[in-house]
Amino acid sequence: MLDILLSVLILTGAIFTFIGSLGLARLRDFYTRLHGPTKATTLGVGSLLIASMIHFSAQGEGVSLHEILVTLFLFITAPVSAHLLSKAALHRRVESQAQVPAQIEEAETQTHFAAPTVDRL
Amino acid sequence: MNMNLLFVALIPLMGAALTAWVSRFGRMGSAWTAGGVTLLALLCLLPSAAAPFDGEVIVQRWPWIPGAGLDLAFRLDGLGLLFALMILGIGLLVILYARYYLSEHDCMGRFYAYLLLFMGSMLGIVLAENLILLLIFWEMTSLSSFLLISYWRGREDARTGARMALTVTGLGGLAMLGGFLLLGEIAGSYDLSVILTMGDVIRAHPLYTPMLVLILLGAFTKSAQFPFHFWLPHAMAAPTPVSAYLHSATLVKAGVFLLARLFPVLSGTPEWSWLVGGAGLTTLLIGAWFALFKHDLKGLLAYSTISHLGLITLLFGIGTPLAAVAGVFHIINHATFKASLFMAAGIIDHECGTRDMRRVNGLWRFMPYTGTLAMVAAASMAGVPLFNGFLSKEMFFAETATFFEEHAWGWLLALAVVIAGMLAVAYSLRFIHDVFFNGEPVDLPRTPHEPPFWMKAPVAVLVAICLLVGTLPAYTVAPLLQAASAGVLQAPLPGYDLAIWHGLGLPVLMSILALTGGLLIYAARRPLFALAARLEGRLDARAIYDWALGRTLDFAGAVTRRLDTGSLQRMLLFFMLSALTLGAIGFIGGGSSLTGPRVLLPVDGVSILIALVLVAVAIGTLILHRQRLTALIVMGALGLLIALIFVKFSAPDLALTQLTVEVVTIVLLLLALYFLPQQSPAESSRARRIRDLGVATLAGGGTAALTWAILSRPFDSISGYFLANSVPGGGGANVVNVILVDFRGFDTLGEITVLALAGLGIYAMLRELRLPGPTHDDAGRPWNWDAHPTIMAALARLLLPLALLVSVFIFLRGHNLPGGGFIAGLVTAVALIMQYLTNGVEWTHRRLSHDLHPLIGWGLLIGTLTGLASLIFGYPFLTSTFTHVHWPVVGEFELASAIAFDLGVYLVVVGATLLILVHLGLMHGASHPKQGIQQESR
């Protein structure tokens, strides 16, 4: 029973990590590529860590809590890096596949100080 | 064990710090403290003061660097006692005098601290038993007198005079070091007790003459003997209490003291007589001649000091025991009357606002008391009967008269000293007549009046001594003189008589000649002044000094410019090529094979992989080096790989250190890179790059070959000892940490001191530095307005307690498991720097004191105190101890005294790292203030 649960968790983790990596390689522009690895770190690594926790707790040497610390650090660092990467990309005006919303386009044609407006979104 | 002599020298040195600190609480506090410290040193001296009168010599000794034969050894004999009493006694009077002399604008704490530093160094010289120890104190007097002379540091003449004094006496000190080393090697010991008994051996040694010349260079430069006399008049830019102290009883007497100290060893040869006697006689005459024509009151006294020092030197140069006694006597007398004269000159300067004797006239009406005191002192200087100067001068004349009778050309010496005596009478007369009589004052800046009572009191004390010694020598100075002379001669004393009247004879005739001749010279002063004005500048030793100094600086500058063109490549090329040449010569000359006999270990895949990646990353950095930011990131990868290698070879401490250092370095480099262009241009031609590549390959290959040669040989290091003794000796299972805080704790203390100094140095350089930073990146885009993104800022705040927890954990377990103060300090520093980077300097400074100096100071203090604590228990410096305690939650915990030392390391590392990084970061804020305003408005 435990083995089945662990296998499911590990497989889920592996699949999400793979999908994340594939996304990083195959998606077409920077912003969508940013999407991939964030999924891999949360769901992918998260499932693997839960699996590890269950496995080592079942060894009879007490509850394994190291993984919670790893999760905590991951949850703190992953959003920060993703946020900073996207901010940098916006600042550098990295091209996007998405349509620019009409409001913004209007504002950009009217004023020269466009970058802060985009940034404030 | 009795150790009062050590304290006599140390109390003023430690008191200097106390005095400087006390001056925070008021001006008078430092004066009282300085006086109290001097009294305390005097009290410390008293228990031993009786012994020299019985002919005993006290020697006290503590091992300091026994391996180098250097002990903290002090001796007290008559000579040392005489000088110590003069230094402390006149020092006390000078402290009292200076309290009234210094004006409101002068910092008293600084003055008294310097004065006490100087006093301690001087006491060290006169009490030292070991020659090297004596030299150390000798150099300390040069340094502290530099500080004293340049006390009014805003004045150009004070700075020049101080520099000149330091250059001349420093050069002499260097020569003296050579002389002392020769003397110590000849005698086989650096202890004076041994050396003083070996006069015959030393005088017969072939190296006697060079040794004598070197030591005399030291003594003559210090005592301002011709041709090194020129620094003394320039040192008159010092405040007058300093002049009164330095040029009466102390600094210049150090040279004479040395002549007296080594008299039994060095004297009695023709070389000694010619060199010492010749220099003394020349100085005596030149000083007396110039003294007469100086219009500056202190200038007159300066040259008369030079002249009197010449007199004393001449007496030692004559070399008979009786002459040495006369020399010692004149040392005492000169100290008393010259100190009082300088103080009187200071009062006159203080009251009139000028020292020019062409303007300061007729002061008798304004200050009769000071006038009377000055007259007595000047009469003593001139050698008028019933004053102390007369007695020693009479002995001096008697010695030259004996010389006259015994040598064919002796009459020349007698004639010269009579002329010098006449000049002395003339300049003393001028001092009194010009200042107190001779018409009315001319255009004085202030209206003079009598100074406060306590300002005159020191002068009065000294003048009273002049009078008492002059009239009742047998009841006052005789025992001290006898003890001091015994200390000089180290032999039975010759018979001498301190009576005022010895009956008619050649000495009395010479005295009468000097007195009448002096009166006549002063009467005929106007044509002589005209002559002196014409001769002015002809014999100017200062011009020669300036010329020599200028040439030396030019030469040094030329050599530096030739070698250092400002090109780093060039310097590195020289360095690499010389290292390669020396290494190649050593290898070829050694004749051993490159590979040693040791059996090689098997290679594993992981190591090879890491090594290959390391090579690839190194080459990558090289290729990318012109894109600075990218190169930096690649270098970061290099650092992480090295950390992995440390883990692989089971050195977790090194890996942790490497990781944290890497983070700090990258942050530091990023902050610095901001001010540089992101792309560096190609600076070398192709040919040059190929040359550099060749040299680099050779150097790298050489280093690799060297490493290979060492690693392939069996090598017994000390590590076995450390591994075996770490737990029983240091109480810690983590050998690396035990080495750092216990086995090599002294090294660590030195290292954190260096780190602290480096931090403070960088702080001093960055503090006022304003560098223009770029406002755009290299593509012309302005920087993002959002310097501190909210998500990162908020989450970094969350990380801070976690990171601090890690750092405490690493610190506490450091003694037994990987970790320790250094790593914990770096982790804390990184955690705090995170806050600076993500939340901004203003935000962080509102929550965290930005004054990091106390942190560094506390760290050093804790480290040093931990070390000193073991001294209290009678163990060597930095011995550690440990015990086991039971903590409620943690359980069994080992508590080592080394953890306190580690705390010191921790604090210094945190303080210095933050100090450097924060101030580098603050430069950014200063370089574009607009962003700062935006942050305020947010």
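Because the structure is a prediction, the values reported are computed rather than measured.

**Quick look at the overall build of chain A**
Next up, step 1: The helix and strand tally for chain A stands at five helices and zero strands.
Next up, step 2: Moving toward the C terminus, one meets the helices and strands of chain A in the order α-α-α-α-α.
Next up, step 3: In chain A, buried positions account for 7% of the 121 residues.
Next up, step 4: A separation of at least 24 residues holds for 61% of the contacts in chain A among residues at least 6 apart in sequence.

**A look at the overall build of chain B**
Next up, step 1: Along chain B, the regular secondary structure elements total 39 helices and four strands.
Next up, step 2: Based on the C-alpha atoms only, the size of chain B along its principal axes is roughly 105 × 70 × 70 Å.
Next up, step 3: Every one of the 938 residues in chain B was classed for burial, and the buried ones make up 43%.
Next up, step 4: For chain B, the proportion of contacts with a sequence separation of at least 24, taken over those separated by at least 6, is 79%.

**A few points about the UniProt feature "domain: NADH-Ubiquinone oxidoreductase (complex I) chain 5 N-terminal" (unreviewed entry) in chain B**
Next up, step 1: Those places that UniProt annotates as "domain: NADH-Ubiquinone oxidoreductase (complex I) chain 5 N-terminal" (unreviewed entry) correspond, in this numbering, to residues 64-112 of chain B.
Next up, step 2: Strand forms 18% of residues 64-112 of chain B and helix 59%; the C-alpha atoms that close the span are 29 Å apart.

**A closer look at the UniProt feature "transmembrane region" (unreviewed entry) in chain A**
Residues and elements named next belong to chain A.
Next up, step 1: According to UniProt, the positions carrying the feature "transmembrane region" (unreviewed entry) are residues 6-25, 37-56 and 68-86.
Next up, step 2: Helix and strand shares over residues 6-25 are 100% and 0% respectively, and the end C-alpha atoms of the span are 29 Å apart.
Next up, step 3: In residues 37-56, helix accounts for 100% and strand for 0%; the two terminal C-alpha atoms are 27 Å from one another.

**Focus: the domain arrangement of chain B**
Next up, step 1: The domains assigned to chain B are domain 1 (1-225 + 235-261), domain 2 (332-523), domain 3 (528-558) and domain 4 (716-938).
Next up, step 2: Between domain 2 of chain B and domain 4 of chain B, the C-alpha centre-to-centre distance is 64 Å.

**Overview of the packing of helix 15 (residues 297-318) of chain B against helix 19 (residues 410-436) of chain B**
Residue and element names in this part refer to chain B.
Next up, step 1: At a minimum axis distance of 11 Å, the contact between helix 15 and helix 19 shows a crossing angle of 160°. As the angle between them shows, helix 15 and helix 19 are arranged roughly antiparallel. For the crossing formed where helix 15 meets helix 19, the hand is left-handed. Across from Leu-297, Leu-300, Ser-304 and Ser-307 in helix 15, the residues of helix 19 making contact are Ala-420, Ala-424, Tyr-427, Phe-431 and Val-435.
Next up, step 2: Of the residues belonging to the contact of helix 15 with helix 19, the class tally is seven nonpolar, two polar and no charged.

**Comments concerning the interface of chain A and chain B**
Next up, step 1: Facing the nine residues of chain A at the interface are nine residues of chain B.
Next up, step 2: Of all the elements in the fold, those that place two or more residues in the side of chain A that touches chain B are helix 3 (66-91) and helix 5 (114-120) of chain A.
Next up, step 3: With seven residues, helix 3 of chain A is the largest single contributor of residues to the side of chain A that touches chain B.
Next up, step 4: Considering only residue class, the side of chain A that touches chain B consists of five nonpolar, two polar and two charged.

**Notes on the environment of Thr-828 of chain B**
Residues and elements named next belong to chain B.
Next up, step 1: Positionally, Thr-828 belongs in helix 35 (residues 821-839).
Next up, step 2: Overall, Thr-828 belongs to the buried group, with 25 C-beta atoms counted inside 10 Å.
Next up, step 3: Along the chain, Thr-828 and Val-806 lie 22 residues apart, while their C-alpha atoms are 8.7 Å from each other.
Next up, step 4: The contact partners of Thr-828, leaving out residues within four places of it in the chain, are Leu-804, Ser-807 and Val-910.

**Remarks on the environment of Leu-582 of chain B**
Next up, step 1: Mapping Leu-582 of chain B onto the fold places it in helix 26 (residues 568-590).
Next up, step 2: As for Leu-582 of chain B and Ile-899 of chain B, which are separated by 317 residues in sequence, their C-alpha atoms are 44 Å apart.

**Focus: the pairing of strand 1 (residues 58-65) of chain B**
All names here are of chain B.
Next up, step 1: Note: strand 1 against strand 2 (residues 70-76), seven bridges, orientation antiparallel. Looking at the pairing, Trp-62 lines up with Leu-72 of strand 2.
Next up, step 2: Hairpin connection from strand 1 to strand 2: four residues lie between these consecutive antiparallel strands, with Gly-69 at a positive phi of about 70°.

**Concerning unusual backbone geometry**
Residue and element names in this part refer to chain B.
Next up, step 1: Cis geometry marks the peptide bond from Phe-226 to Pro-227, where omega comes out at 5°.
Next up, step 2: Along the chain, the position of Pro-227 falls in the loop between helix 9 (208-222) and helix 10 (231-234).
Next up, step 3: A positive phi is found at Ala-224, a non-glycine position, where the angle reads about 55°.
Next up, step 4: Tracing the chain through its elements places Ala-224 in the loop between helix 9 and helix 10.
Next up, step 5: For Ala-224, a count of 28 C-beta atoms within 10 Å puts it in the buried group.
Next up, step 6: For Leu-386, which is not glycine, the phi dihedral falls at a positive 80°.
Next up, step 7: You can see Leu-386 is positioned in the loop between helix 17 (368-382) and helix 18 (388-406).
Next up, step 8: Here Leu-386 falls in the partly exposed class, since 14 other C-beta atoms lie within 10 Å of it.

**Quick look at the confidence of the model for chain A**
Residue and element names in this part refer to chain A.
Next up, step 1: For chain A, mean pLDDT is 79; residues scoring 70 or higher make up 84% of the total.
Next up, step 2: Across chain A, element-level confidence peaks in helix 1 (residues 2-26) with a mean pLDDT of 90 and bottoms out in helix 5 with 40.
Next up, step 3: In the model, residues 111-121 has pLDDT below 50 throughout and makes twelve contacts with residues more than four positions away in sequence or in other chains.

**Quick notes on helix 12 (residues 251-261) of chain B**
Next up, step 1: The buried count for helix 12 of chain B comes to eleven of eleven residues, which makes it a mostly enclosed element.
Next up, step 2: Restricting attention to buried positions, one finds in helix 12 of chain B the residues Leu-251, Val-252, Lys-253, Ala-254, Gly-255, Val-256, Phe-257, Leu-258, Leu-259, Ala-260 and Arg-261 of chain B.

**Observations regarding the nonpolar core**
Residues and elements named next belong to chain B.
Next up, step 1: In terms of nonpolar packing, the biggest core is built from 209 residues, with Ile-87, Ile-149 and Ala-377 touching the most fellow members.
Next up, step 2: Viewed by domain, this core spans two of them, domain 1 (1-225 + 235-261) and domain 2 (332-523), each represented by three or more residues.
Next up, step 3: Discounting residues that sit within four places of it in the chain, Ile-149 has contacts with Ala-158, Gly-161, Ala-162, Ala-165, Ala-235, Ala-237, Ala-238 and Val-242.

**Some remarks on the confidence of the model for chain B**
All names here are of chain B.
Next up, step 1: Residues with a pLDDT of 70 or more make up 97% of chain B, whose mean pLDDT is 86.
Next up, step 2: Segment residues 929-938 is flagged for pLDDT under 50; beyond a separation of four residues in sequence, or across chains, it makes six contacts in the model.
Next up, step 3: With a pTM of 0.76, the predicted complex shows an ipTM of 0.75.

**Considering the environment of Ala-896 of chain B**
Next up, step 1: On the secondary structure map, Ala-896 of chain B appears in strand 4 (residues 891-896).
Next up, step 2: With residues up to four places along the chain from it excluded, the contact list for Ala-896 of chain B reads Gly-731, Gly-732, His-815, Ser-880 and Phe-882 of chain B.

Rules behind the numbers
- Note on numbering: residues in each chain are counted from 1, in written sequence order.
- Chain A is the first chain written and ligand 1 is the first ligand written, with later ones labelled in order.
- pLDDT decides what is reported in this predicted model: residues at 70 or higher carry local features, side-chain atom pairs at 80 or more are listed and counted, and totals for whole chains, interfaces and linings draw on all residues regardless.
- Each helix is a run of H or I in the DSSP string that is no shorter than four residues. Each strand is a run of E no shorter than two, and both are numbered from the N terminus.
- Exposure classes come from backbone-placed C-beta atoms, where a residue is buried if 20 or more other C-beta atoms lie within 10 Å of its own, exposed if 12 or fewer do, and partly exposed in between.
- In this description, any two residues whose backbone-derived C-beta atoms lie within 7 Å of each other are considered to be in contact.
- UniProt positions are given in the numbering used here, feature names are shortened, and annotations may be inferred rather than shown by experiment.
- The split of the chain into domains comes from an automatic or database domain assignment.
- A fitted line through C-alpha atoms serves as each axis, taken over the contacting stretch for helices, and the angle formed by two N-to-C directions is quoted from 0 to 180°.
- Here the angle decides the label: under 35 degrees means roughly parallel, over 145 means roughly antiparallel, 65 to 115 means roughly perpendicular, and every other value means oblique.
- Crossings are classed by handedness, with left-handed meaning an anticlockwise turn of the near helix from the far one by less than a right angle and right-handed meaning a clockwise turn.
- Put simply, Ala, Val, Leu, Ile, Met, Phe, Trp, Tyr, Cys and Pro go in the nonpolar bin, Asp, Glu, Lys and Arg in the charged bin, and everything else, Gly too, in the polar bin.
- Strands are labelled as partners when DSSP assigns at least two bridges between them.
- A residue's pLDDT is the predictor's confidence in that residue, given on a scale from 0 to 100.
- Defined on buried residues, the nonpolar core groups Ala, Val, Leu, Ile, Met, Phe, Trp, Tyr and Cys residues joined through C-beta atoms within 7 Å.

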